[in-house]
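Fold and geometry: a report
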Amino acid sequence: MSKRGQNKSHTRAVLLALVAVPALFALCAGLQMRIDADTFAMYQDKDELLLRSGALLKKLSLGYEPLLADVYWTRAVQYYGVRARKPGATYEQLWPLLDITTTLDPKLMIAYRFGAVFLSERPPTGPGKADLAVELVKRGIAENPDEWRLYEDLGFLYSIHLKDYKKAAEAYLEGSKNPNAQIWMKVMAARVAETGNELETSRLIWVGVYSSTKDEMVRRTAVQHINSLDAALGLKRLNKSSEEYWRKFGRFPASIQELRDAGLVGGTLEDPAGFPYVMGPNGVPQLDPHSPIVLESDQGAGELR
Amino acid sequence: MSVIPGVVAINTFREAVRDRVLYNLIFFALMMIGAAILVGQISIGIERMVIINLGLSAISIFGIIMAIFIGVGLVYKEMEKRTLYSLLSKPIRRWEFLVGKFAGLLLTLVVNTALMTLGLGAALYFVSRKFERGDATILVAVYFILLELALVTALALFFSCFTSPMLSTLYTLGIYVAGVFAPGILSVSQFTSNWELGAITRFIYYVLPNFHNFGVIAAAAHGDAVPFTLIWHNTLYALLYVILILVASAAVFSGRNLK
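**Some details on the overall build of chain B**
- Check the secondary structure of chain B and you find 12 helices and 0 strands.
- Along chain B, helices and strands appear, N-terminal first, in the series α-α-α-α-α-α-α-α-α-α-α-α.
- Across chain B, every contact between residues at least 6 apart in sequence was considered, and the portion connecting residues at least 24 apart equals 85%.

Next up, the structure:
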């Protein structure tokens with residue numbers, strides 16, 4: 001073919017490619033959406049983990065176990081992150097993923113610390129496996145005895161999730177012995193030992209969690225708990241006023257306004273989401289039914305009286 | 001319609017046979033015979049499943065290795081041996097040469113896959129002494145492997161148009177691995193709160209050839225039916241993607257200075 005003919009042929013081929021390639025890409029993308037819809041049911045919620053043995057994976061990783069640990073940690077975060085927003089989601093693979101991650105890299109602190117938060121979260125935002133979370137953190141302590149933060153996490157798990165204030169205080173105290181530990185670890189040990197089951201103490205622990213991390217997911221979880229505890233504290237205060245009203249007038253108030261009229265409460269009476277508190281039967285204050293705040297099982301109005 | 005691509009394809013197939021490419025079948029046959037004998041001794045209740053999983057995985061792996069390692073040399077070898085010059089001095093257009101090369105390697109892969117499927121069928125019959133209705137899904141899985149191989153061949157051919165076999169292998173393998181893990185890329189977009197990252201990962205997901213679409217080996221092993229719509233959509237997807245890559249290859253190759 002002559003040089004001119006070849007140039008012409010090349011120009012034609014390039015022009016065709018410029019038109020056809022983007023059009024074909026668009027068609028393929030459209031088709032891919034259809035295929036995703038076809039395969040949605042086939043692959044939906046098929047939690048598969050081919051290799052469950054961290055020790056075996058360590059051998060198979062050919063010396064690249066830290067990299068593989070990073071991959072598994074990323075998988076664990078994605079696994080939890082995707083499910084935490086789905087109602088009715090299950091978390092069967094969360095523990096195996098964390099187990100593998102920490103076996104591959106026993107020094108990966110983030111996997112112990114955040115992994116414990118993910119594991120211990122109660123349904124629907126987590127599997128509610130505080131016992132496994134404790135096991136994970138204890139394993140972290142065994143591998144990294146100089147990390148006082150892990151003792152803080154252990155204390156947190158015992159006090160918030162397992163309500164074992166004695167063990168929580170012991171964990172805070174043990175961690176406080178580390179020369180690098182913050183001074184408030186001793187304060188926490190004393191406070192949990194004295195008033196572990198109080199809402200104010202729980203709030204303090206969650207504020208500690210919030211301020212000790214920059215991770216958005218953990219911070220979001222902490223804010224949810226802080227809001228929930230603030231709402232419970234607001235209800236507790238209102239409940240006291242309601243009981244005072246009963247002592248004064250011999251009956252329970254029918255509304256929050258009656259408490260206000262009696263001069264027993266003042267100011268803005270709203271939960272952290274901005275919804276006003278309402279008065280329930282027998283003068284037990286409650287959250288507005290439309291409020292997005294969810295009280296934990298032991299923070300409900302019934303628990304207050 | 002031009003018969004030239006057909007002629008080039010037949011010659012590419014003959015060349016592959018002459019190069020003893022199909023010798024891998026011996027290895028496959030030995031592996032399946034060994035597995036069929038051993039599996040009964042070492043596993044209980046999952047003999048059929050092991051044979052199907054092993055057989056289909058081997059068909060896929062052997063096919064991909066062949067598609068990549070032969071595909072990356074399709075154009076380069078002709079240039080190295082200078083046979084391309086005598087070919088293109090005849091009334092053959094460059095795109096016809098490319099399409100012929102693609103079809104020739106695909107034919108080789110189809111023959112290779114068909115023979116391996118027969119081997120798999122024989123091993124399956126040896127293990128369970130019967131075929132079941134659900135075994136039809138194995139044929140669907142083999143068909144999907146062929147679609148996958150067509151895509152890999154087209155990719156290898158595309159890279160062989162402008163770079164060395166070594167780099168072509170790396171690029172093709174890289175895209176293949178990324179394509180297998182495509183759903184992982186999409187899950188980043190669902191998980192992240194960063195809008196830009198979400199948009200980029202979604203874009204990559206739809207632009208990459210999605211090899212995950214063709215993974216029905218597990219369904220075949222369990223005898224689960226594959227929906228007809230998926231077969232149809234996957235066929236169309238592979239066809240469109242192959243055309244796309246061949247058009248791009250033709251554009252690149254037409255401008256290639258062969259002096």
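**A closer look at the overall build of chain A**
- When its secondary structure is counted, chain A shows 13 helices and 2 strands.
- Taken over 305 residues, chain A has a buried fraction of 33%.

**A short note on the interface of chain A and chain B**
- Between chain A and chain B, the residue contacts involve 24 residues of the former and 27 residues of the latter.
- Considering only residue class, the side of chain A that touches chain B consists of 15 nonpolar, 6 polar and 3 charged.

**Section: the packing of helix α3 (residues 65-83) of chain A against helix α9 (residues 182-191) of chain B**
- In the contact formed by α3(A) and α9(B), the axes pass within 10 Å of each other and the chain directions differ by 50 degrees. If you check the angle between α3(A) and α9(B), you find them oblique. Relative to α9(B), the crossing made by α3(A) is left-handed. The residues of α9(B) that touch α3(A), namely those facing Q78(A), G81(A) and V82(A), are S187(B), Q190(B) and F191(B).

**Considering the nonpolar core**
- By size, the foremost hydrophobic cluster in this structure holds 76 residues, and its most contacted members are A67(B) and A154(B).
- When residues in this core are grouped by element, the largest group, 17 residues, is from helix α7 (residues 136-160) of chain B.
- Beyond its immediate stretch of four places on either side in the chain, A154(B) contacts F102(B), V242(B), I245(B) and L246(B).
- Grouped together as the second largest cluster of nonpolar side chains are 57 residues, Y79(A), Y91(A), L119(A) and W206(A) included.

**Topic: helix α7 (residues 148-161) of chain A**
Residues and elements named next belong to chain A.
- Its 14 residues give α7 an end-to-end C-alpha distance of 20 Å, which sits within 8% of 20 Å, the value for a rise of 1.5 Å per residue.
- Among the 14 residues of α7, 14 are classified as buried, and the element is accordingly described as predominantly covered.
- In the segment just after α7, K163 is the residue with positive phi, at about 55 degrees.

**Looking at the environment of R139(A)**
- Within the secondary structure, R139(A) is located in helix α6 (residues 130-143).
- Taking the C-alpha atoms as reference points, R139(A) and T102(A), 37 residues apart in sequence, are found 8.7 Å from one another.

**Here's the deal with the confidence of the model for chain B**
All names here are of chain B.
- Taken residue by residue, chain B gives an average pLDDT of 87. The fraction at 70 or more is 96%.
- Mean pLDDT across the elements of chain B ranges from a minimum in helix α2 (residues 24-42), with 76, to a maximum in α7, with 94.
- Predicted complex, confidence summary: ipTM 0.73, pTM 0.62.

**Quick word on the confidence of the model for chain A**
Residue and element names in this part refer to chain A.
- For chain A, per-residue confidence averages 82 on the pLDDT scale, and residues scoring 70 or more make up 88% of the total.
- Model confidence for chain A, summarised as mean pLDDT per element, is weakest for helix α13 (residues 301-304) at 48 and strongest for α6 at 94.
- Overall, residues 301-305 carries pLDDT values under 50, and its contacts beyond four positions in sequence, including any with other chains, amount to 11 contacts.

**Digging into the environment of W206(A)**
- Mapped onto the elements, W206(A) comes out in helix α10 (residues 199-211).
- Sequence separation between W206(A) and I226(A) is 20 residues, and the spatial gap between their C-alpha atoms is 6.4 Å.

**What to know about the environment of R93(B)**
All names here are of chain B.
- Structurally, the position occupied by R93 is in the loop between α5 (83-88) and α6 (94-128).
- In this structure R93 comes out as partly exposed when scored by C-beta crowding, with 17 C-beta atoms within 10 Å.
- Put simply, R93 and S254 are 161 residues apart on the chain and 8.9 Å apart in space, counted from C-alpha to C-alpha.

**Re unusual backbone geometry**
- For K163(A), which is not glycine, the phi dihedral falls at a positive 55 degrees.
- The phi torsion at R129(B) lies on the positive side, around 60 degrees, for a residue other than glycine.
- With respect to the helices, strands and loops of the structure, R129(B) is situated in the loop between α6 and α7.

**Side note on the packing of α3(A) against helix α4 (residues 94-104) of chain A**
Residues and elements named next belong to chain A.
- Relative to each other, α3 and α4 sit at 160 degrees, their axes nearing to 8 Å. Here α4 runs roughly antiparallel to α3, going by the angle between their axes. In terms of crossing hand, the pair formed by α3 and α4 is left-handed. Along the contact surface, α3 presents E65, L68, A69, Y72, W73, R75, A76, Y79 and Y80, while α4 presents L94, L97, L98, I100, T101 and L104.
- For the contact of α3 with α4, the class distribution of residues is 12 nonpolar, 1 polar and 2 charged.

The rules behind the values
- Residues numbered from 1 in each chain as written.
- Chains lettered and ligands numbered in written order.
- Predicted model: local features only at pLDDT ≥ 70, side-chain atom pairs only at ≥ 80, totals over all residues.
- Helix = DSSP H or I, 4+ residues; strand = E, 2+ residues; numbered from the N terminus.
- Contact = placed C-beta atoms within 7 Å.
- Buried ≥ 20, exposed ≤ 12 C-beta atoms within 10 Å, placed from the backbone.
- Nonpolar A, V, L, I, M, F, W, Y, C, P; charged D, E, K, R; others polar.
- Axes fitted to C-alpha atoms, helices over the stretch in contact; angles between N-to-C directions.
- Parallel < 35°, antiparallel > 145°, perpendicular 65-115°, else oblique.
- Left-handed = near helix turned anticlockwise from the far one by under 90°.
- Core = buried A, V, L, I, M, F, W, Y, C linked by C-beta atoms within 7 Å.
- Expected span 1.5 Å × (residues − 1).
- pLDDT = per-residue confidence, 0-100.

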